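Reading the structure
Letter by letter, the chains look like this.
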Amino acid sequence: AGKGGTDARILVPDFVIDFLQMKVDFFNEFTGADCRLTATTQASWLNDIKDDLKTSRQLDAYFLFGNWIPTLGGLEPITKRVQSQDALEWTDVWHDVQMGAANFAG
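Keep in mind that what you see is a predicted model, and the values were worked out from it rather than measured. (Residues numbered from 1 in each chain as written. Predicted model: local features only at pLDDT ≥ 70, side-chain atom pairs only at ≥ 80, totals over all residues. Heavy atoms only, no water.)

Brief notes about the nonpolar core
Grouped together as the largest cluster of nonpolar side chains are nine residues: Ala8, Ile10, Val12, Val16, Leu20, Val24, Ala33, Cys35 and Leu37. Of all the elements in the fold, those that place two or more residues in this core are strand 1 (7–13), helix 1 (17–31) and strand 2 (34–40). Among the elements that take part in this core, strand 1 stands out by supplying three residues, more than any other. Filtering out sequence-adjacent residues up to four positions away, Ile10 remains in contact with Cys35, Arg36, Leu37, Thr38, Ala61 and Phe63. (Core = buried A, V, L, I, M, F, W, Y, C linked by side-chain atoms within 4.5 Å. Buried < 20%, exposed > 50% of the residue type's maximum accessible area, 1.4 Å probe, protein only. Helix = DSSP H or I, 4+ residues; strand = E, 2+ residues; numbered from the N terminus. Contact = heavy atoms within 4.5 Å.)

Following this line, the structure appears as structure tokens:
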């Protein structure tokens, strides 16, 4: 375990590992944790999760994008909730999603 007594192995797609590694390094330094990323390809991601859940349980977390949730069978129908809102603002979107999708200067 890290100096903070916490360690974690997180499965992530290889195409985001550089971006996430910076965040994990900062988190580890700030908290004393020892979180480590384990890379996989997007093609083998789902099978790697299923294998881990069935056998080794070596991973503590699985990175995923919101649009991957249906693959796991967990998507809430939100059409009525969205339609009932007066308006949805850019500020309603989670900050990291904003930064990952675009930089808004206005």
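Further notes follow.
Focus: helix 1
Here helix 1 is 15 residues long and its end C-alpha atoms lie 20 Å apart, about the 21 Å a rise of 1.5 Å per residue gives. Along helix 1, the residues classified as buried are Leu20, Val24 and Asn28. All buried residues of helix 1 project into a common sector of 75° when viewed along the axis, lining one side. Seen from the buried face of helix 1, the exposed residues on the opposite side, beyond 90 degrees, are Asp18, Met22, Phe26, Glu29 and Phe30. Buried residues in helix 1 make contact with strand 1 and strand 2. Just beyond helix 1, the residue with positive phi is Gly32, at close to 85°. (Expected span 1.5 Å × (residues − 1). Arc of directions from axis to C-beta.)

Considering the packing of aromatic side chains
Under the counting rule described, the total for this entry stands at one aromatic pair. Here Phe26 and Phe30 contribute two aromatic rings whose centre-to-centre distance is 5.9 Å and whose plane-to-plane angle is 15°, an arrangement assigned as stacked. Taken as a pair, Phe26 and Phe30 lie in helix 1 at a separation of four residues, close to a single helical turn. Phe30 sits in the exposed class, given a relative accessible area of 66%. (Phe/Tyr/Trp six-rings, centres within 6.5 Å; stacked < 30°, edge-to-face > 60°.)

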